[in-house]
Amino acid sequence: MKKIVPFKHDLFFKENIDEITSISLEHTLKSDSNNQISGEFIITGEYKITKQSINVDKFEFNVPFFITVDEKYDTSDVVVDIEDFYYETIDSNCLSISIEVLLDNLTEVIRNNEDIVEEIVVNNIIDDEKKEEEINNVDYVTYKIYIVKENDTIDTILNKYKKTKEDIEKYNNIETINIGDKIIIPTND
């Protein structure tokens, strides 16, 4: 699987420039065992200060790059490369670069019928008649977020978590559910 990661950055020269006469891009990007891609872009080239100038000056910029790839992908065999690179000069002393980083050989991690679940703790204030009592009576409720999979129905989800339709309807619109929908399931009422 391939993914493109866009990167944009502005580089500033100490003096005004009129024209970039040459430019090249190298990189030291690599993947580590924590699903992180890091390294540097090395941008080198030459420029003229004025149109009439016959002299060219050299430049070099080292730009750090760091991203964390979603854990649903295995990056152990990923190949990191540059898909596209373009630039433009802005305000006579700024070089705006745009780089598309290509992540190739990404593998989506498949979990065998495991539920993808997140636990979230939220404050659920108990309804009382007096405002001061509401503030002093805080009930902490834990929720699970269930992601609907193929062949799931609302009844199979209710049976799995031993909940009633009313329990689930307090937090979700369950008239129709689709694969990928997130269902909030209270784990302690």
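Residues numbered from 1 in each chain as written. Predicted model: local features only at pLDDT ≥ 70, side-chain atom pairs only at ≥ 80, totals over all residues. Heavy atoms only, no water.

A. Seen up close, the overall build of the protein chain. For the protein chain, the count of helices and strands is 3 helices and 12 strands. Taking all 189 residues of the protein chain together, the buried fraction comes to 29%. The long-range fraction of contacts in the protein chain, counting pairs at least 24 apart against all pairs at least 6 apart in sequence, stands at 61%. (Helix = DSSP H or I, 4+ residues; strand = E, 2+ residues; numbered from the N terminus. Buried < 20%, exposed > 50% of the residue type's maximum accessible area, 1.4 Å probe, protein only. Contact = heavy atoms within 4.5 Å.)

B. Structural context of the nonpolar core. Membership of the largest hydrophobic core comes to 27 residues, with the highest contact counts inside it found for Ile 37, Phe 41, Phe 65, Val 101 and Leu 103. Secondary-structure elements contributing two or more residues to this core are β1 (3-12), β2 (19-27), β4 (36-48), β5 (57-68) and β8 (94-104). The contacts of Phe 41, once residues within four sequence positions are left out, are Phe 7, Leu 25, Glu 26, His 27, Leu 29, Phe 61, Asn 62, Val 63, Phe 65, Ile 82, Ile 99 and Val 101. Among the nonpolar cores identified, the runner-up in size contains 10 residues, and Ile 154, Ile 157, Leu 158 and Ile 174 belong to it. (Core = buried A, V, L, I, M, F, W, Y, C linked by side-chain atoms within 4.5 Å.)

C. Here's a closer look at the packing of aromatic side chains. For the structure shown, the criterion picks out 10 aromatic pairs. Consider the rings of Phe 13 and Tyr 47, whose centres lie 5.1 Å apart with planes at 65°: the pair is edge-to-face. In this pair, Phe 13 is assigned in the loop between β1 and β2 and Tyr 47 in strand β4, connecting sequence segments 34 residues apart. For the residue pair Phe 13 and Tyr 47, the accessibility class agrees, reading buried in each case. Clustering of aromatic rings is evident, with ring pairs tying together Phe 13, Tyr 47, Phe 59 and Phe 61. (Phe/Tyr/Trp six-rings, centres within 6.5 Å; stacked < 30°, edge-to-face > 60°.)

D. Broad picture of the confidence of the model for the protein chain. Taken over all residues, the pLDDT of the protein chain has a mean of 81, while the share at 70 or more is 81%. In the predicted structure, residues 112-140 sits below a pLDDT of 50 and forms 45 contacts with residues beyond four places in sequence or in another chain. (pLDDT = per-residue confidence, 0-100.)

E. Representation of helix α2 (residues 154-161). Residues of α2 that are buried include every one of Ile 154, Ile 157, Leu 158 and Tyr 161, and no others. The buried side chains of α2 occupy one side of the element, clustering within an arc of 100° when seen end-on. Lys 162 sits one or two positions beyond α2 and adopts a positive phi of about 50°. (Arc of directions from axis to C-beta.)

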